[in-house]
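Geometric and topological summary
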Amino acid sequence: MMYWTYQFTTIIIVVFLSKEAQFNYLQKERNSMKIKSLFSLATAAILSMGVASTAVAEDKVLLKLPVWFGTHLTGLGSSPLFFADTVNAASGGSIKVKIYEPGKLVATKEMLESVSNGSVNSGWGTPGYNTGLLGKKAAIFSAVPFGPEAPEFMAWVYYGGGRDLWQKLYDDAGYNVHAVPCSIIAPETSGWFTKEINSPADLDGLRMRFFGLGANVMEKLGVTTSLLGSGDIMPALEKGAIDATEFSMPAIDKLLGFPKLLKHNYYPGWHQPSTMFDLIINGDTWNGMSAAQQATIESACKATMLDGLALGEAIQFDYMKANVESGVTNHYWSDEMLAIFRSSWDEVVAELVAEDPEFGEIYGHLNDFRANYKIWQEWIYLPRPSMQGQ
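Our subject in this report is the structure included herewith.

Rules of the game
- Along each chain, residues carry numbers from 1 onward, in the same order as the chain's sequence is written.
- Given that this is a predicted model, residues contribute local features only at a pLDDT of at least 70 and side-chain atom pairs are listed and counted only at 80 or more, while totals for whole chains, interfaces and linings are drawn from all residues.
- Values shown for side chains rest on all heavy atoms present in the structure; no hydrogens or waters enter the calculation.
- Here a strand is any run of E in DSSP of at least two residues, a helix any run of H or I of at least four, and the numbering for each starts at the N terminus.
- Working rule for contacts: check all heavy atoms of both residues, and any pair within 4.5 Å makes them a contact.
- Being paired, for any two strands, means DSSP has found at least two bridges between them.
- Interaxial angles span 0 to 180 degrees and are taken between N-to-C directions of axes, which are lines fitted to C-alpha atoms, for helices over the stretch in contact.
- Here a salt bridge means any side-chain nitrogen of Lys or Arg lying within 4 Å of a carboxyl oxygen belonging to Asp or Glu.
- Each residue is assigned to one of three classes by its accessible area relative to the maximum for its type, calculated with a 1.4 Å probe on protein chains only: buried under 20%, partly exposed between the two thresholds, exposed over 50%.

**Brief notes about the side chain of Ser114**
Within the secondary structure layout, Ser114 lies in helix α4 (residues 111-117). Once residues lying within four places of it in the same chain are set aside, the contact partners of Ser114 are Val106, Ser119 and Val120.

Listed below in structure tokens is the structure:
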């Protein structure tokens, strides 16, 4: 509108001038317009140079990412692949993530220390595998027996203060890493056995691969537990070094071959109602990233959380049907056995709090959140279908 007002005014002025005056006036206006055009072009060029210099100033980042689980394990090891693809596409080349299978770049048990000292600049796992370095409290950020399912767990981590405690865990232990929650999976099955388990007496004396805080519960019941990597479980079963195992969800367990040797699979996943994983990045690497690069990592991890949960929920039933067809019997723990697991867990908590007050602080923080969450939970959700009591 201002442009046309200006043009109209110019026409009116010119009409009432002599021809010589008209020529001089129009010549002056043309020169003025040229100056304005040159100014506009110069301004655009300066802005473009500013954008270009900003892009140049943002150093490209290569994250060499060793992972704890093989990427062939769909729903578990596949999450880092999803994360890498998302970052590589979304960053426009500013960040590249390259995945390294377990043991290829660094030994999994050395991952945390290697990322902290800068030998590698990132790693993918779950805090529960580093309890030897961080204490048993680290396992709270992986999975809690009779603890929160995925929606409640994410609510606590993202909006209930859990993430601050997560980072504090690493900081207080002196590790130079920035931790980003980066995937979550649905409940896991709670054991593969060669026989039915009807009482604690059937567990007493078994040698069993078991993860996290649930292992403490099983040990209360006379089970000798060990934390074997995924690739070591079947050889240990075949050699008779262990009698039973738990690892993950039916899809992953079948990929590892458990149904070939163990025909009794127990539910529900009382020991891991949901399990979280984290991306750890060397602190200096993280601080050297631009705000845009950091935001890309954070957003990609949230997307990976969604994908990990959705994928895990989507594929289990087909594998459960296939397991049954191959001779596996699915069992739901009796009310009596679940009550025994729960009371044993309460004993474990009391012991761990006595050993490490920081365990009590983190677990207490989570429980305070859960007490409030329960107000919502009890009112809003329909009762779910269950095999309990059948």
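**Looking at the sheet that holds strand β10 (residues 275-282)**
The strand order β3-β10-β4 describes an open sheet built from three strands, whose pairing is antiparallel. Looking at which strands have only one partner, the edges of the open sheet turn out to be β3 (122-125) and β4 (177-185). With direction set aside, neighbouring strand axes in the sheet form an average angle of 20 degrees. Relative to β10, β3 runs antiparallel, the two sharing four bridges. Across the sheet, the residue bridging to Trp124 is Leu279, located in β10. Seen against the sheet, helix α3 (residues 78-90) touches β3, β4 and β10 and runs at an angle of roughly 140 degrees to β3.

**With respect to the pattern of salt bridges**
Applying the stated criterion across every chain, the model contains 13 salt bridges. Of the charged contacts in the structure, one is a salt bridge between Glu149 and Arg384, with a shortest N-O distance of 2.9 Å. Of this pair, Glu149 sits in the loop between α5 (131-134) and α6 (150-159) while Arg384 sits in the segment after α16 (357-380), and the two are 235 residues apart along the sequence. On the accessibility criterion, Glu149 (34% relative accessible area) is partly exposed. Glu347 is paired through a salt bridge with Lys220; the nearest N and O atoms lie 3.6 Å apart. With Glu347 in helix α15 (residues 335-355) and Lys220 in helix α9 (residues 212-220), this pair connects stretches of sequence that are 127 residues apart. In this structure Glu347 comes out as partly exposed when scored by relative accessible area, which is 41%. The class for Lys220 is partly exposed, based on a relative accessible area of 34%. Where salt bridges share partners, they join Lys137, Asp356 and Glu358 into one cluster.

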